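Overview (structure and organization)
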Amino acid sequence: MLIEGLYTVENFKQEDQTVQATVKLNAAHEVFKGHFPGNPVMPGVCMIQIIKELTEKATGKKLFLSVASNIKFMAIINPEKNDVIELTLTIAEDDETVKVKNTTSFEETLALKLSATFNVLT
């Protein structure tokens, strides 16, 4: 985990190339003190890192983000109000790359859509 203590994976279910994960955010984490003081917002780069780490868990491969062809932040994730997020990842992999389509939501709100390609590190 790149950012130790930022989140915990509460549920991780993988069927074929689809992953359903429930992640609990740590609202007391240092990252939220600077982003933003008094009004914490989950940084987009941290969300992409969580997606990468969940994809690594699903594939058993170390990955490096190569292309983010579609990223849409659709709602603010405030960890004090919505500390549990649901992620769905659809994964397609070959020897050198892993392609991921993700949706992230809290309650009934879609917060993030992402399509990305990761290179496999050797």
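Rules and cut-offs
- Per chain, residues are indexed from 1 in the order of the written sequence.
- The predicted nature of this model means local features are confined to residues of pLDDT at least 70 and side-chain atom pairs, given and counted, to a pLDDT of 80 or more, with totals for whole chains, interfaces and linings taken over all residues.
- Remark: hydrogens and water are excluded; side-chain values derive from all non-hydrogen atoms of the structure.
- Only runs of H or I of at least four residues qualify as helices and only runs of E of at least two qualify as strands under DSSP, and these elements are numbered from the N terminus.
- For every residue, the accessible area (1.4 Å probe, protein chains only) is compared with the maximum for its type, and the residue is labelled buried under 20%, exposed over 50%, or partly exposed between those bounds.
- Contacts were defined at the residue level, with two residues in contact if any of their heavy atoms lie within 4.5 Å.
- What sets the accessible areas is the Shrake-Rupley method with a 1.4 Å probe; for residues, cover comes only from the shown protein chains.
- Positive charges are assigned to Lys and Arg, negative charges to Asp and Glu, while His and the chain termini are left out of the count.
- For the purpose of locating charges, the reference atoms are NZ of Lys, CZ of Arg, CG of Asp and CD of Glu.
- Aromatic contacts are taken between Phe, Tyr and Trp rings whose centres are within 6.5 Å, Trp giving its six-membered ring; a plane angle under 30 degrees counts as stacked, one over 60 as edge-to-face, and the others as tilted.
- In our convention, an over-ring charge means Lys NZ or Arg CZ found within 6 Å of a ring centre and within 35 degrees of that ring's normal.
- Here the rule is simple: two strands pair whenever DSSP picks up at least two bridges between them.
- To get an axis, a line is fitted to the C-alpha atoms, and for a helix only the part in contact is used. The angle between two axes follows their N-to-C directions and goes from 0 to 180 degrees.
- Whenever a carboxyl oxygen of Asp or Glu lies within 4 Å of a side-chain nitrogen of Lys or Arg, that contact is scored as a salt bridge.

Observations regarding the overall build of the protein chain
Of the regular secondary structure elements, the protein chain holds two helices and six strands. The secondary structure elements of the protein chain, listed N-terminal to C-terminal, are β-β-α-α-β-β-β-β. The principal-axis extent of the C-alpha atoms belonging to the protein chain is close to 45 × 30 × 25 Å. Counting only residues that meet the buried cut, the protein chain has 40% of its 122 residues in that class. Considering only intrachain contacts with a sequence separation of at least 6, the fraction spanning at least 24 residues in the protein chain is 61%. For the protein chain, the computed accessible surface area is about 6900 Å², with 51% contributed by carbon and sulfur atoms. Here the protein chain contributes 12 positive and 16 negative side-chain charges, whose respective centroids are spaced 4 Å apart.

Focus on the environment of D95
Structurally, D95 is set in the loop between strand 4 (84–93) and strand 5 (97–106). For D95, a relative accessible area of 71% translates into the label exposed. Separated by 24 residues in the primary sequence, D95 and N119 have C-alpha atoms spaced 9.2 Å apart.

Focus on the packing of aromatic side chains
Summed over the entire model, instances satisfying the criterion amount to zero aromatic pairs. In this structure, K57 is placed above the aromatic ring of F12, and the distance from its NZ or CZ to the ring centre is 4.4 Å.

With respect to the sheet that holds strand 5
The strands that make up a sheet pair up through hydrogen bonds in the backbone, lying either parallel or antiparallel. In spatial order, the strands read 1-2-4-5-6-3; together these six strands make up an open sheet with antiparallel pairing. Taken across any chain shown, the strands that pair with only one partner, and hence form the sheet edges, are strand 1 (7–15) and strand 3 (63–73). With direction set aside, neighbouring strand axes in the sheet form an average angle of 20°. The pairing of strand 5 with strand 6 (residues 109–120) spans 10 bridges and is classified as antiparallel.

Overview of the pattern of salt bridges
Summed over all chains, the structure comprises five salt bridges. Across the pair D83 and K24 runs a salt bridge, and its minimum N-O distance is 2.4 Å. Residue D83 is located in the loop between strand 3 and strand 4, and its partner K24 is located in strand 2 (residues 18–25); the two are separated by 59 residues in the primary sequence. Overall, D83 belongs to the partly exposed group, its relative accessible area being 25%. The exposure class of K24 is partly exposed, given its relative accessible area of 30%. For K33, the salt bridge goes to E30, with nearest N and O atoms at 3.0 Å. Accessibility expressed as a relative area gives 51% for K33, which makes it exposed. Judged by relative accessible area, which is 54%, E30 ranks as exposed.

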